[in-house]
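Analysis of the macromolecular model
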Amino acid sequence: MPSGKDEIRCEMRARRKALSAAERAELSAIICAKLARRADLFGVTDPLDFGFPIAVYLASPDEIDIRAYIERLLWYRCKVVAPRWNGETYELAFLKGLDARHLRRGPMGIMEPVDAEIVPAKEVYGWIVPGLAFTRDGRRLGYGGGWYDRLLADAPKDAVKLGVAHSFQIVEDLPTEPHDIRLAAVVDDSLVDNALEFHRTEDGFSARVAESLKA
């Protein structure tokens, strides 16, 4: 396994691209099903109990597609936000639907909310975050632009941040920087429920979530 960030990114991009469309759809469905079964990851027992916005992402062609889970959140009338380009950087905007009325194609070719109803990251207590590689203790390697690092830096300290990954994206070690923010959990596409790996943080909310999963 390569050890430098650029080498790891290159390998993971290649491995993702090697998946067929059918394989990607099947593995994405497994992850969406896991997320749907585990509202307790966010400290609630039912999606109807989400009293805070949930930040999601709209997948590029090679990323894990979580649209099925987003549709579930919207069906439950949860407050859903997603990254939107404002001309200088990404910010979070309310996502009201997944059809052409509610989405536009952003400058990097990724779909994003049409409406510029912005939600500050400091008000978002639940996050589902993409990436190229993750470790079992919550470290994440992004794409190199730092967009998510900047958004997560403004999130509440007790926000629950989840990564989603193919099993091959879970690695033993990653180079990190002092400003890197660890995730509370990484949900992978293994068919075994205990494939969820958790980083026990010192902050109360994530610690309570981790404890609830021992039952």
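Sequence order as written defines residue numbering, which begins from 1 separately in each chain. pLDDT decides what is reported in this predicted model: residues at 70 or higher carry local features, side-chain atom pairs at 80 or more are listed and counted, and totals for whole chains, interfaces and linings draw on all residues regardless. Side-chain descriptors were evaluated using all non-hydrogen atoms of the structure, hydrogens and water having been removed beforehand.

The next point concerns the pairing of strand β6 (residues 126-129). Regular strands place their side chains on alternate faces of the sheet. For each residue, the accessible area found with a 1.4 Å probe, counting protein chains only, is set against the maximum for its type, and the residue is called buried under 20%, exposed over 50%, and partly exposed in between. We count a stretch as a helix when DSSP gives it H or I for four or more residues in a row; a strand needs E for two or more, and each element gets its number in order from the N terminus. Of the two faces of β6, both are covered, the one formed by Gly-126 and Ile-128 as well as the one formed by Trp-127 and Val-129. We treat two strands as partners when DSSP finds at least two bridges between them. Here two bridges tie strand β1 (residues 54-55) to β6, and the two strands are oriented parallel to one another. Opposite Ile-54, over in β6, you have Gly-126 as the bridge partner. The pairing of β6 with strand β9 (residues 160-165) spans four bridges and is parallel. Following the sheet pairing, Trp-127 is matched in β9 by Lys-161.

The next thing to look at is the nonpolar core. To form a nonpolar core, buried Ala, Val, Leu, Ile, Met, Phe, Trp, Tyr and Cys residues must be joined to one another through side-chain atoms within 4.5 Å. Of all hydrophobic cores here, the largest spans 44 residues; its most connected members are Leu-35, Phe-42, Phe-50, Val-56, Trp-127 and Ile-128. By the convention used here, residues are in contact when the closest approach between their heavy atoms is within 4.5 Å. Those residues in contact with Phe-50 that sit more than four places away from it in its chain are Phe-42, Val-44, Tyr-69, Leu-73 and Cys-78. In terms of nonpolar packing, the next biggest core, distinct from the first, is built from eleven residues, Ile-8, Leu-141, Phe-168 and Val-171 among them.

So, on to the side chain of Arg-139. Along the chain, Arg-139 falls in the loop between β7 (133-135) and β8 (140-141). Among the residues examined, Arg-139 registers a relative accessible area of 13% and is labelled buried. Here Asp-173 takes part through its side chain, which lies 2.6 Å from a polar atom of the side chain of Arg-139. When sequence neighbours within four positions are dropped, the list of residues in contact with Arg-139 reads Ala-133, Phe-134, Glu-172, Asp-173, Leu-174, Thr-176 and Arg-182. Counted as a polar contact is a pair of N or O atoms within 3.5 Å, where, for protein atoms, one must be capable of donating a hydrogen and the other of accepting one, and residues adjacent in sequence contribute only when both atoms are in side chains.

Next up on the list: the pairing of strand β3 (residues 90-94). Where strand β2 (residues 80-85) and β3 come together, five bridges link them in antiparallel fashion. Counterpart to Pro-83 in the pairing with β3 is Leu-92. As consecutive antiparallel partners, β2 and β3 are separated by four residues, and within that stretch Gly-87 has a phi angle of approximately 105 degrees, a positive value.

In this section: the packing of helix α2 (residues 21-37) against helix α3 (residues 67-75). Axis lines are fitted to C-alpha atoms, over the contacting stretch for helices. Their N-to-C directions set the angle, which ranges from 0 to 180 degrees. Where α2 meets α3, the axes come as close as 8 Å, and the angle between the chain directions of the two elements is 30 degrees. Accordingly, the angle class assigned to the pair α2 and α3 is roughly parallel. Counted together, Cys-32, Leu-35 and Ala-36 of α2 and Ala-68, Tyr-69 and Arg-72 of α3 form the full contact between these two elements. Of the residues belonging to the contact of α2 with α3, the class tally is five nonpolar, no polar and one charged. Angles below 35 degrees are treated as roughly parallel, those above 145 as roughly antiparallel, those between 65 and 115 as roughly perpendicular, and all remaining angles as oblique. In this count, Pro and Cys sit with the nonpolar residues alongside Ala, Val, Leu, Ile, Met, Phe, Trp and Tyr, while Asp, Glu, Lys and Arg are called charged and the others, Gly among them, polar.

Residues Tyr-69, Ile-70 and Leu-73 constitute the buried set of α3. One side of α3 carries all its buried residues, which in axial view fall inside an arc of 100 degrees. Buried residues belonging to α3 abut α2, β1, β2 and β6. Trailing α3 by a residue or two, Arg-77 shows a phi angle of about 60 degrees, which is positive. Taken from the helix axis, the directions to the C-beta atoms give the arc we talk about.

Two rings belonging to Phe, Tyr or Trp (six-membered ring only in the last case) form a pair when the distance between their centres is within 6.5 Å. Interplanar angles under 30 degrees mark stacking, angles over 60 mark edge-to-face geometry, and anything in between is tilted. Taken as a whole, this structure holds five aromatic pairs when the rule is applied. Aromatic side chains Trp-85 and Tyr-90 sit 5.0 Å apart centroid to centroid with 65 degrees between the ring planes, which places their arrangement in the edge-to-face category. Each member of the pair, Trp-85 as well as Tyr-90, carries the same accessibility label: buried. An aromatic cluster is built from Trp-85, Tyr-90 and Trp-147, whose rings are joined through pairwise contacts.

Our next topic: the pattern of salt bridges. Every case where a carboxyl oxygen of Asp or Glu lies within 4 Å of a side-chain nitrogen of Lys or Arg is listed as a salt bridge. A full pass over the atoms with the stated rule returns 15 salt bridges. For Glu-11, the salt bridge identified is with Arg-15, shortest N-O distance 4.0 Å. Of this pair, Glu-11 and Arg-15 both sit in helix α1 (residues 5-17), four residues apart, which is roughly one turn of the helix. With a relative accessible area of 26%, Glu-11 lands in the partly exposed category. What makes Arg-15 partly exposed here is its relative accessible area of 38%. When the shortest N-O distance is used, the salt bridge between Arg-182 and Asp-137 registers 3.0 Å.

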